[in-house]
Amino acid sequence: MSEVFSATSAEDAEDLVRARTGDDAAFNRLVEPLRRELHAHCYRMLGSTHDADDALQDALLRAWRGLARFEGRSSLRSWLYTVATHTCLDTIESRGRRALPMDLGPSSDRAVLGDAPLADVAWLGPYPDAGLGAGGPAARYEQREAVELAFVAALQHLPGNQRAALLLFEVLGFSAAEIATTMNTSTTSVNSALARARKIVAEKVPAPTQQRTLRQIDDARVREIVAGYSTALERGDADALVALLTEDVTWSMPPLPHWYHGLAAVADFATRVPLTACGSWRHLPVTANGQPAVACYLRNDGSGAHLAWSINVLTLRGERIREVTSFIGAEHFTPFGLPAALP
């Protein structure tokens, strides 16, 4: 990791000196190039864009206040990851893990009408992936693989120390010795945490990754699948929608607790709820969690604007949709830079 995360420029070295004397503008110049990747790290740890916002803000405040204690034996980047990781671990300890509906119970065979949100569950949220860069040279996961829904959902089943160790090693390319220093533990403990974390993630994350699947499909075909999904919903065309789905498709809608597995159950839900009972839909194609996604806008009163409703993240197997995860809530639209309504 040293080749990527060391070697500051003369300007950075000067800014570091100034920042240590209380120059917040110099500190901001040092931090700004790292802000995006640190935010992604916080999201992977916490499973929520909004929690990542808070954690990053808290971490940078801690770093600013503790900059005098930064001795330069590691790079500033490595040190900031240490601060951000500990900030996230504090959040995990106080809030616990985030969930998807399938973590709460079995799927439903038929559409559940009038399904009510569960407000007492900390739900996993979608992530705007624009601008994600590369990891360290030793990283096993590329940056978009490491924000895919299945991977981030699997991380939520790990204790905080295992989650941190896996991300620092597999995603960011830290060595076990560097992680031991970061987490104030031994290399043996880090290796043990990595072994347990890898086992759980391997059990929960299907192969191949979405990045590999998407690379095997022409970009134009991916756009056709997304457009076909959107058009089927807008036209209420159940046959067109079903034709896009795998036999073992799942559809979930956090914060609604019920979810559906298998073509018959998903088709029953889609036919009885979004295709006929909700109102008028409009859609914008986006990407989320390194996957194709659709921003869904709903008008349910017959007039006026279509209002932000959900970010639907699509997981593909080959050229069909294996999973639809509809993150319901207008609050998800702001991080994507999306409007709250379509005229």
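See the structure printed just above.
Let me begin by describing the structure that accompanies this report. Here the residue index of a chain counts from 1 through its sequence in written order. Totals for whole chains, interfaces and linings use all residues, but because this is a predicted model, local features are given only for residues with pLDDT of at least 70 and pairs of side-chain atoms are given and counted only at 80 or more. Side-chain numbers come from the whole structure's heavy atoms, not from hydrogens or water.

Looking now at helix α8 (residues 160-171). Think of it this way: any DSSP run of H or I at least four residues long counts as a helix, any run of E at least two long counts as a strand, and we number them from the N terminus. In a helix, the anticipated span is given by 1.5 Å times the number of residues less one. In a regular helix each residue adds 1.5 Å, so 12 residues correspond to 16 Å; α8 covers 16 Å between its end C-alpha atoms and thus fits that length. Taken across its 12 residues, α8 has 10 buried, putting it largely inside the fold. Listed as buried for α8 are Gly-160, Gln-162, Arg-163, Ala-164, Ala-165, Leu-166, Leu-167, Leu-168, Glu-170 and Val-171. At the exit of α8 stands Gly-173, carrying a positive phi of roughly 80 degrees. Under the scheme applied here, a residue whose accessible area is under 20% of the maximum for its type counts as buried, over 50% as exposed, and between as partly exposed, the area being computed with a 1.4 Å probe on protein chains only.

The next subject is the packing of helix α4 (residues 35-46) against helix α6 (residues 76-95). To obtain each axis, a line is fitted to C-alpha atoms, and for helices this fit is confined to the stretch in contact; angles are then taken between N-to-C directions over 0 to 180 degrees. Relative to each other, α4 and α6 sit at 30 degrees, their axes nearing to 10 Å. With respect to α6, the element α4 is oriented roughly parallel. Crossing angle aside, the handedness with which α4 passes α6 is right-handed. Contact residues: α4 offers Glu-37, Leu-38, His-41, Cys-42, Met-45 and Leu-46, while α6 offers Arg-77, Leu-80, Tyr-81, Ala-84, Thr-85, Cys-88, Leu-89, Thr-91 and Ile-92. Angles below 35 degrees are treated as roughly parallel, those above 145 as roughly antiparallel, those between 65 and 115 as roughly perpendicular, and all remaining angles as oblique. Crossings are assigned a handedness: left-handed for a near helix turned anticlockwise from the far helix by less than a right angle, right-handed for a clockwise turn. We call two residues in contact whenever any of their non-hydrogen atoms come within 4.5 Å of each other.

Here a salt bridge means any side-chain nitrogen of Lys or Arg lying within 4 Å of a carboxyl oxygen belonging to Asp or Glu. By the definition in use, this model includes 17 salt bridges. Residues Arg-317 and Asp-248 are paired through a salt bridge, measuring 2.9 Å at the closest nitrogen-oxygen approach. Pair noted here: Arg-317 is in strand β5 (residues 306-317) and Asp-248 is in strand β1 (residues 245-252), with a separation of 69 residues, a long-range link. A residue is classified by how much of its surface remains accessible, and Arg-317, at 41% relative accessible area, is partly exposed.

On to the packing of aromatic side chains, then. In this scheme Phe, Tyr and Trp rings, the latter by its six-membered ring, pair at centre separations within 6.5 Å, and the angle between planes marks the pair as stacked below 30 degrees, edge-to-face above 60, and tilted otherwise. For the structure on display, the rule yields eight aromatic pairs. Aromatic pair Tyr-43 and Tyr-127: ring centres 4.3 Å apart, planes at 20 degrees, arrangement stacked. Within this pair, whereas Tyr-43 is found in helix α4, its partner Tyr-127 is found in the loop between α6 and α7 (149-155), the two being separated by 84 residues in sequence. On the basis of relative accessible area, Tyr-43 is assigned to the buried category, the value being 0%. A relative accessible area of 0% means that Tyr-127 is categorised as buried. When the centroid spacing of 5.3 Å and the interplanar angle of 70 degrees are considered together, the rings of Trp-251 and Phe-269 count as edge-to-face. Residue Trp-251 is located in strand β1, and its partner Phe-269 is located in helix α14 (residues 263-272); the two are separated by 18 residues in the primary sequence. The burial state of Trp-251 is the same as that of Phe-269; both residues are buried.

The interhelical angle for the contact between α8 and helix α10 (residues 187-204), taken along N-to-C directions, is 90 degrees, at an axis separation of 9 Å. With respect to each other, α8 and α10 are oriented roughly perpendicular. Residues Asn-161, Gln-162, Ala-165, Leu-166, Phe-169 and Glu-170 of α8 form the contact with α10, whose own contacting residues are Ala-193, Leu-194, Arg-196, Ala-197, Arg-198, Ile-200 and Val-201. Each residue belonging to the contact of α8 with α10 can be placed in one class, and the counts come to eight nonpolar, two polar and three charged. When residue character is reported, Ala, Val, Leu, Ile, Met, Phe, Trp, Tyr, Cys and Pro are called nonpolar, Asp, Glu, Lys and Arg charged, and the others, Gly included, polar.

Here Leu-104 shows up in the loop between α6 and α7. Classification of Leu-104 by relative accessible area gives partly exposed; the value is 43%. C-alpha of Leu-104 to C-alpha of Arg-36: the two residues are 68 residues apart in sequence and 32 Å apart in space.

Time to look at α14. An α-helix turns once every 3.6 residues. As a result, residues three or four positions apart point the same way. Burial analysis of α14 places seven of its 10 residues in the buried class, the great majority of the element. Elements that come into contact with the buried residues of α14 comprise α13 (238-242), β1 and β2 (259-261).

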